[in-house]
Amino acid sequence: MNRKVVIIIDGQKITAREGEKLLWVALENKVYIPHLCAVKEQERPTAGCRLCFVEIEGTCNPVTACTQPVKAGMTVKTRTPAVDRLVRTAFELLLSEHRLNCGECPKNGSCELQKIARERGLKLNLHRLKPLSKKVIIDDSPRSFAFDAGRCVLCGRCVWADHRIAGVGAIGFSRRGIHRRITTFADRELAQSPCTECGLCVEACPVGALYFKKN
Amino acid sequence: MDVSLTERAYIKMKAASINNLKYLEDKPVIRVGTGTCGKAAGALRIREAFKDELTRKGIDAGVVEVGCMGHCYAEPLIIISKPGFPSLCYGKVDEVLVKRLVEDFLINNDPCYEFAMAALEPNDIFPTFRDFPRGVYEEKMILENCGFIDPEEIDFYIARDGYSALADVLNMEPGEVLGEVKASNLRGRGGAGFPAGIKWEVVRKAGNGMKYVICNGDEGDPGAFMDRNILESNPHQVIEGMIICAYAVGASLGYLYIRSEYSQAIRRVNNALRQAREKNLLGASILGSAFCFDLEVFSGAGAFVCGEGTALINSMEGGMGIPQHRPPELAVSGYLGEPTVLNNVKTFCYVPLIMRKGADWFKKTGTPGSPGTAVFTLAGKIAGPGLVEVPMGTTLRQLIFDVGEGIPRNKKFKAVQIGGPSGGCLPEQALDIPLDFDSLEEAGAMMGSGGLVVLDEDDCMVGMARFFLNFTQQESCGKCTFCRLGTKHMLEILKAITRGEGDMASLETLRELAEDVKTGSLCNLGKTAPNPVLTTLKYFRDEYEAHIKGKCCPSLKCPDLIAYFIEPDKCSKLCNICVGSCPVEAIYTRDNGLKAINRDKCVKCDNCLKACPPEYSAVIKVSPPGLVEEREREMK
Ligand SMILES: Cc1cc2nc3c(=O)[nH]c(=O)nc-3n(C[C@H](O)[C@H](O)[C@H](O)COP(=O)(O)O)c2cc1C
């Protein structure tokens, strides 16, 4: 992991440690690549949100930057028609399940979905897909924060924070497929779970699903 | 020194097995197929009936339970081997036939040929399975012993040279064993066709630490049952293959991952493992050599995605059955982070044969790129459904029209869905492509599990795409965006189209989504799920357009786009059968005695159409439903 190598991202020469994941190298060098689920410390990336696609010279399909180790001489393009197409579709798919009411959202202005839209010139509405109706279930049982599942993009960063940083284990993924969601054990209210209200999960949330209550 | 040791141990063991089976010599032996298919058809009752009848008549004959030989449509199935006669196979056996066979055949030497299906050995009297239309093409390698040996008694397998390959292998260098498997170009039978030898080599070279060998018996494809069949009918062949693999790669522990629904397979494999351990074919210093290896069954909870390697490993480790990004491949970091060989049940089955008969023997069958045989389950609109084993490179046309005996009821072939829910629908013009890993992938389908569903003119291709996507959408683990949400939106669009609510823009969205889910998904479930949609869009676009533009289902299948109509000039006013057949009282009698259907009540169950006597055939289906009103206006 130590050898320094030179790679090219969008024509720019960048020095990085061999084996480091491309996504973090790019972000540290001020090259933006959309991403939601990536956690730098995670040894085996989740690679679930499917937003960080890039094209690497010599490979035919775009690859996810969060899983791609840096190799000497690698030439990377963050914007190609194939990349843009996948990102556009993944983004719209995520929006179709995300309750879009930015005006009322506590994350308005600092939301990572909004950032992706801004950076990539994508619209924050659906034009090909119909919204998937999701029941509005808000768990506001904790004193300091609330969880609005209708805004959750299932990136899992809160689960990482809860398990690996806080070491609590109050929340996790449950159910499968389209029913996958973040819950406490046995679907209890957060207040009934081992949650200590440390707030780390709220800070990890890239959208307005977990948010601190006002005052 | 070792040479003589394992070989001597084996020779002794084989002699003992043959001796143990002596009690079956010189007397009639009745083999009853008690695979899950046989049991479901009542094989246990038949076995008891034989035992009772033999006791009653005081006849000395052996009754042996065997697995399934692939003629599942004819269960309960038995084989009678009586000295002086060829072994004869009888299908659809009931208690009455049991009595007759005991009386006429066992006592009076009349084999009741009128009830026999086939003989097993060539003879001058009765045709064998080779003389069946499928016999010309079928070539049994890994299914050869299935249905003929007792899977619960290890002696049967050993008496047929079982474990002799292992005894030989233990005298070879592991590298030599690997070399032979590599030379055979054996490709994985779990779907993707990755060369087994290359996978094994990675594991072999991965140092001297802990390594695992795992057999993938998850078999989640709907309609596929060959892996279950093999595990139930000849478990030792899989076990022997796994031990040889372990020796070649240097593993000391292995697992058979079998879904818990396969209770009989799990029971038989556990029993086989116990017997193998007793004979020192598993455990410490196998057959007196220095090699130690043991196997256990891991019973999976039965999710389609758990057949995917990384999800399988997650579920074995106690996590959720959810795939992970590759690399690392399992061969580098698999079970508990150690190098792991994961192969399909069938892949392991070829290994003892290759080691016994040589890589060159193996390569004589099949195509250069895909040597050996392929096992298919034939289903759908086909006259001879069942399990078949044919050489790779057999064409689809031969498989469907010769081996499977074509389409029943003179219907026209429309398409074949090959490779299970992640495979593709191929049309008439693709029938001459040879069945091997590469040609199928080129055509947009895949070998997959070897499931093969034949579709005729009555099948709606949009409905088929919806059916298969419904399966993959439900089986998606939900981890990645494309598979979780992409398949959901695709399914919603397909549902709308089959309801007549689609538009051309949504058809375009469907195509775009299908392509993006294919390239963008994390694992091969998502990457292959769009195949049925993409292939039907490619080959049957006209059907999609008919649903959208004409609100018409050309195959008269989609319930929302059809209506039933009783033709006045065909209806016999005196017959009431259709009225009685309707479960919702939608059919009424007009003043003039003619029958008619109340469309608001009709649930489109098809009962009246089937009930109307063929001499009238007055009930018809039409699409779009509006045609009924047109007809009714004409009538007035
Ligand atoms: C969704 C999915 C389901 C799978 N199911 C099975 C299965 O039931 N049995 C199997 O052997 N392989 C299955 N596979 C393929 C395995 O991932 C793996 O490639 C295979 O077990 C390797 O063995 P082989 O090389 O002998 O084919 C599946 C793959 C995917 C993506």
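Residues numbered from 1 in each chain as written. Chains lettered and ligands numbered in written order. Predicted model: local features only at pLDDT ≥ 70, side-chain atom pairs only at ≥ 80, totals over all residues. Heavy atoms only, no water.

### Some words on the interface of chain A and chain B
With 32 residues of chain A at the interface, the matching set in chain B holds 31 residues. Each partner contributes to the roughly 2800 Å² buried at the junction of chain A and chain B, and carbon and sulfur atoms together form 57% of this total. By the criterion of area lost to chain B, the three top residues of chain A are R44, L93 and R176 of chain A, representing 25% of everything that side buries. Remark: the boundary between chain A and chain B carries five salt bridges. In this structure, the salt-bridge partner of R85 of chain A is E515 of chain B, at a minimum N-O distance of 2.9 Å. (Contact = heavy atoms within 4.5 Å. Buried area = accessible area lost by both parts, 1.4 Å probe. Salt bridge = Lys/Arg side-chain N within 4 Å of Asp/Glu carboxyl O.)

### A closer look at the sheet that holds strand β4 (residues 88-90) of chain B
Residue and element names in this part refer to chain B. Taken in spatial order, the five strands line up as β2-β1-β3-β4-β5 in an open sheet, and their pairing is mixed. Each edge of the open sheet is held by one strand with a lone partner, namely β2 (62-66) and β5 (116-119). On average, each strand axis in the sheet is tilted by 25° relative to the strand beside it, whichever way the strands run. Pairing analysis gives five bridges linking strand β1 (residues 29-33) to β2, with the strands arranged parallel. Counterpart to V32 in the pairing with β2 is E65. (Pairing = 2+ DSSP bridges. Helix = DSSP H or I, 4+ residues; strand = E, 2+ residues; numbered from the N terminus. Axes fitted to C-alpha atoms, helices over the stretch in contact; angles between N-to-C directions.)

### So, the domain arrangement of chain A
Residues and elements named next belong to chain A. Its domain assignment divides chain A into domain 1 (1-133) and domain 2 (135-215). The gap between the C-alpha centroids of domain 1 and domain 2 is 24 Å. With 22 residues of domain 1 in contact, the opposing surface of domain 2 contributes 17 residues. The tally of links between domain 1 and domain 2 comes to two salt bridges. With a shortest N-O distance of 2.2 Å, D148 and R99 are connected by a salt bridge. Counting across the domain 1 and domain 2 interface gives eight residue pairs in polar contact (both at pLDDT 80 or more). Split into classes, the residues belonging to the side of domain 1 that touches domain 2 amount to 10 nonpolar, six polar and six charged. (Domains from an automatic or database assignment. Polar contact = N/O pair within 3.5 Å; in protein donor to acceptor, adjacent residues only side chain to side chain. Nonpolar A, V, L, I, M, F, W, Y, C, P; charged D, E, K, R; others polar.)

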